[in-house]
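Chain residues, written in single-letter form:
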Amino acid sequence: MTVVGGGVAGLSAACALAEAGLRVQLAERRSYLGGRASSFLHPGVGEVIDNCQHVLFGCCTNLTGFYRRIGAADRIRWTSEMTLVEPGGRRSALGASWLPAPLHGVPRLLAAKAFTLRDKLALGRAFRSLLRPLPGDATESLGAWLARQRQTEGALNRFWRLVIASALNADLDSIALPYAAKVIRELFMNSAEAGRMGLSTVPLGELYAPAAEFLRQRGSSIQYNARVESAAWDEESSRWTLSTPAGPLVSDYLVLALPFEAMARLLPHLPPAEGAGRLAAQLERHEHWPICSVHLWFDREITTLDHAVLLDREMHWMFNKGRFQPCRGDSGSYVELVVSASRGFAALAREQAIAQAVRELAEYFPAARAARLVKATLIKEVHATFGVPPGIDAARPPSVSPWPNCFLAGDWTATGWPSTMEGAARSGHLAAEAVCRSLGEPRTILDPDLKPRGLMRLMAARAAPVGSGREQPGAAAKTI
């Protein structure tokens, strides 16, 4: 059994299959695991940094299930509070109260100084509308829907464009309404547990390191620096042979857990098959959106907050990594500033981007003005996520591929989730389920969603989801 790709999708598939008793060989083109959720030693600053800050939420059941499987769940710190900071330093906190869902967040929202009364009424109007089911063939963009919901500029700029658009890493007009509705329901409405935010207390490379030992203990292996150049299927022996610079890899079953652009490059080097043309057309419809992160080291502490949402400027999020990653062992401050869905910022030169980040940071945290900047770096993750515009579901294939004994995984496949680590983990679990079904040993690997709590238990049945993320056994093609 070969899994190609050592990102979250490939790791979750490989570990689930190894746990099911299969001997897995994982082929990763890099010398480390994690894919787009990885860390590396940056030569310019001499620090191990993540390629971008990644967060998870309580509703990410398959990602947390994967962490539990490999023994990394205790490396996540959970919080139920989100702090919004305005230029000048004024703060507002969003979070849960004792009220039942979906009302648990209302007291904090009503008390938030970041929103005017008109903003709060507009947000309440939109949230109430999301309690009603969406049309099954909804093709409206989030931007168009928000216009119909008469959202104020404050609600648009300080909530929708920041919290939601950055969560989905795209402009409001480039987001399909069902995906935005899913984010709102999961993070703010279904339950307080679903909306909890988790942060890794170690660099991402350490977070995923236990997966290698997990596989080794179960008779499986990882082939690093193993870029798959082509794949051939032998009908007589029912076996795949993968060509890599280090030599061939042979196996009975194959899971291709690649980003969509890597899958598109491999496609011409796979055997001809009915349905391959349709898959190629689906891959062509996907588009990347960038995420930029500015890493800053100061000689002193500039804030006691672990993280914050930054309002009204180019920077979107602040993560005080020196505080929630004790391994840093630094008496100063190490903060990471994240800019989502901003192609303009991604186009800036390194010096311009860092200068803007330092300048804006001081607007939120005045202590930064007196602090000395020790070192800094800019990371541009140009291929961070794929977009979820209206109609994208038709371009998301199921786990079953056009080729025999070959299955697909990746956040871009039909998971029912947008481009997130949870979507990647789900895709890996779905592919593992499909392999087990093909072997005649079906098993449930996909972790179930958290059930709505409180009043949402009564309302959830009326709110149509984007999709279940589980294809029917033996289905050749299915979209969400």
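Structure first, text after, so check above.
In this report, the structure presented in the accompanying data block is examined. Bear in mind that the values here come from a model prediction, so they are computed numbers and not experimental data. (Residues numbered from 1 in each chain as written. Predicted model: local features only at pLDDT ≥ 70, side-chain atom pairs only at ≥ 80, totals over all residues. Heavy atoms only, no water.)

**Considering the sheet that holds strand E13 (residues 249-251)**
Here is step 1 of the chain: With antiparallel pairing, the three strands of this open sheet are ordered in space as E11-E12-E13. The open sheet terminates on both sides in strands that have one partner only, identified here as strand E11 (230-234) and E13. Taking the axes of each pair of neighbouring strands and ignoring which way they run, one obtains an average angle of 20° across the sheet.
Here is step 2 of the chain: Here E11 runs beside strand E12 (residues 239-243); their pairing, made up of five bridges, is antiparallel. Counted as the bridge partner of Trp 233 is Trp 240 from E12. (Pairing = 2+ DSSP bridges. Helix = DSSP H or I, 4+ residues; strand = E, 2+ residues; numbered from the N terminus. Axes fitted to C-alpha atoms, helices over the stretch in contact; angles between N-to-C directions.)

**Brief notes about the pattern of salt bridges**
Here is step 1 of the chain: The full count for this structure, using the stated rule, is 23 salt bridges.
Here is step 2 of the chain: Salt-bridge contacts for Arg 453 lead to Glu 193; the nearest nitrogen and oxygen are separated by 3.0 Å. Here Arg 453, found in the loop between helix H15 (421-438) and helix H16 (456-459), pairs with Glu 193, found in the loop between helix H7 (177-189) and strand E9 (197-200); they are 260 residues apart in sequence, far enough to count as distant.
Here is step 3 of the chain: Taking the relative accessible area as the measure of exposure, Arg 453 reaches 46% and is therefore partly exposed.
Here is step 4 of the chain: Given a relative accessible area of 31%, Glu 193 falls into the partly exposed group. (Salt bridge = Lys/Arg side-chain N within 4 Å of Asp/Glu carboxyl O. Buried < 20%, exposed > 50% of the residue type's maximum accessible area, 1.4 Å probe, protein only.)

**Topic: the nonpolar core**
Here is step 1 of the chain: Formed by 134 residues in total, the largest nonpolar core has its most connected members in Trp 160, Ile 164, Val 255 and Met 263.
Here is step 2 of the chain: Dropping the residues within four chain positions of it, Trp 160 is found in contact with Leu 123, Ala 126, Phe 127, Leu 142, Trp 145, Leu 146, Gln 151, Ala 155, Ala 165, Leu 172 and Ile 184.
Here is step 3 of the chain: Of all hydrophobic cores here, the second largest spans 27 residues; its members include Leu 305, Leu 310, Val 339 and Ala 371. (Core = buried A, V, L, I, M, F, W, Y, C linked by side-chain atoms within 4.5 Å. Contact = heavy atoms within 4.5 Å.)

**Re the packing of aromatic side chains**
Here is step 1 of the chain: In total, this model carries twelve aromatic pairs according to the counting rule given.
Here is step 2 of the chain: Plain terms: the ring middles of Trp 297 and Tyr 334 are 4.5 Å apart, the flat faces sit at 5° to each other, and that makes the pair stacked. Remark: Tyr 334 occurs in strand E18 (residues 333-340) and Trp 297 occurs in strand E15 (residues 288-298); sequence separation between them is 37 residues.
Here is step 3 of the chain: Measuring from ring centre to ring centre gives 6.0 Å for Trp 317 and Phe 319, while their planes differ by 10°; the resulting arrangement is stacked. We note that Trp 317, like Phe 319, is buried.
Here is step 4 of the chain: Three or more aromatic residues joined by ring pairs make a cluster, and in this case those are Phe 127, Trp 145, Phe 159, Trp 160 and Phe 188.
Here is step 5 of the chain: Between Arg 196 and the ring centre of Trp 78, over which it is positioned, the NZ or CZ distance is 4.4 Å.
Here is step 6 of the chain: A cation over an aromatic ring shows up here: Lys 375 above the ring of Trp 297, its NZ or CZ 5.5 Å from the ring centre. (Phe/Tyr/Trp six-rings, centres within 6.5 Å; stacked < 30°, edge-to-face > 60°. Lys NZ or Arg CZ within 6 Å of the ring centre and 35° of its normal.)

**What about the environment of Arg 457?**
Here is step 1 of the chain: Along the chain, Arg 457 turns up in helix H16.
Here is step 2 of the chain: Given the relative accessible area of 60%, Arg 457 is considered exposed.
Here is step 3 of the chain: On a C-alpha basis, the gap between Arg 457 and Pro 102 in space is 9.5 Å, while along the polypeptide they are 355 residues apart.

**Overview of the sheet that holds strand E8 (residues 91-95)**
Sheets are built from strands paired through backbone hydrogen bonds, the pairs being either parallel or antiparallel.
Here is step 1 of the chain: Sheet architecture is open: seven strands sit in the order E8-E7-E16-E17-E18-E15-E19, paired in mixed fashion. In this open sheet, the two edge strands, each paired with only one partner strand, are E8 and strand E19 (373-386). This sheet shows a mean twist of 25° between the axes of neighbouring strands, independent of strand direction.
Here is step 2 of the chain: When strand E7 (residues 81-85) meets strand E16 (residues 307-310), the two strands line up parallel, connected through two bridges. Looking across to E16, one finds that Leu 84 is bridged to Val 309.

**Focus on the side chain of His 429**
Here is step 1 of the chain: Examined against the element boundaries, His 429 turns out to sit in helix H15.
Here is step 2 of the chain: Polar side-chain contacts of His 429 include one of 2.8 Å to the side chain of Asn 62.
Here is step 3 of the chain: Dropping the residues within four chain positions of it, His 429 is found in contact with Ser 12, Ala 16, Asn 62, Phe 66, Arg 69, Ile 445, Leu 446 and Asp 447. (Polar contact = N/O pair within 3.5 Å; in protein donor to acceptor, adjacent residues only side chain to side chain.)

**What about H15?**
Here is step 1 of the chain: For H15, which comprises 18 residues, the first-to-last C-alpha distance of 26 Å matches the rise-based estimate of 26 Å (1.5 Å per residue) to within 8%.
Here is step 2 of the chain: Buried residues dominate H15, accounting for 16 of its 18 residues.
Here is step 3 of the chain: A positive backbone phi angle near 80° is found at Gly 440, which sits one or two residues after H15. (Expected span 1.5 Å × (residues − 1).)

**Quick look at the state of the cysteines**
Here is step 1 of the chain: Here the structure, examined in full by the defined rule, presents zero disulfides.
Here is step 2 of the chain: Not part of a disulfide, Cys 52 finds its nearest cysteine sulfur in Cys 292, a span of 8.6 Å. (Disulfide = S-S within 2.5 Å.)

**Looking at the pairing of E8**
Here is step 1 of the chain: Pairing between E7 and E8: five bridges, direction antiparallel. Within E8, the residue paired with Glu 81 across the bridge is Gly 95.
Here is step 2 of the chain: The loop that links E7 with its antiparallel partner E8 comprises five residues; one of these, Gly 88, has a positive phi angle of about 105°.

**What about the packing of helix H2 (residues 61-70) against H15?**
Here is step 1 of the chain: Viewed as axis vectors pointing N to C, H2 and H15 meet at an angle of 70°, and their least axial separation amounts to 7 Å. Here H2 lies roughly perpendicular to H15, going by the angle between them. In this structure, H2 crosses over H15, and the sense of that crossing is left-handed. Counted together, Thr 61, Asn 62, Leu 63, Phe 66, Tyr 67 and Arg 69 of H2 and Met 421, Glu 422, Ala 425, Arg 426 and His 429 of H15 form the full contact between these two elements.
Here is step 2 of the chain: Looking at side-chain class alone, the contact of H2 with H15 contains five nonpolar, three polar and three charged residues. (Parallel < 35°, antiparallel > 145°, perpendicular 65-115°, else oblique. Left-handed = near helix turned anticlockwise from the far one by under 90°. Nonpolar A, V, L, I, M, F, W, Y, C, P; charged D, E, K, R; others polar.)

**Re the environment of Cys 292**
Here is step 1 of the chain: Structurally, Cys 292 can be placed in strand E15.
Here is step 2 of the chain: Along the chain, Cys 292 and Ser 92 lie 200 residues apart, while their C-alpha atoms are 25 Å from each other.
Here is step 3 of the chain: Ignoring any residue separated from it by four or fewer positions in sequence, one finds Cys 292 in contact with Leu 337, Val 338, Val 339, Phe 345, Ala 346, Ile 379 and Lys 380.

**Observations regarding a nonpolar patch on the surface**
Here is step 1 of the chain: A cluster of nonpolar residues, Leu 103, Val 106, Leu 110, Leu 455 and Leu 458, forms a patch on the protein surface that exposes about 440 Å² of accessible area.
Here is step 2 of the chain: Positionally, Leu 110 belongs in helix H3 (residues 106-111). (Patch = residues over 30% accessible without salt bridge, like charges linked within 9 Å, V, L, I, M, F, W, Y side chains within 5 Å. Areas by Shrake-Rupley, 256 points an atom, 1.4 Å probe, with all protein chains shown as cover.)

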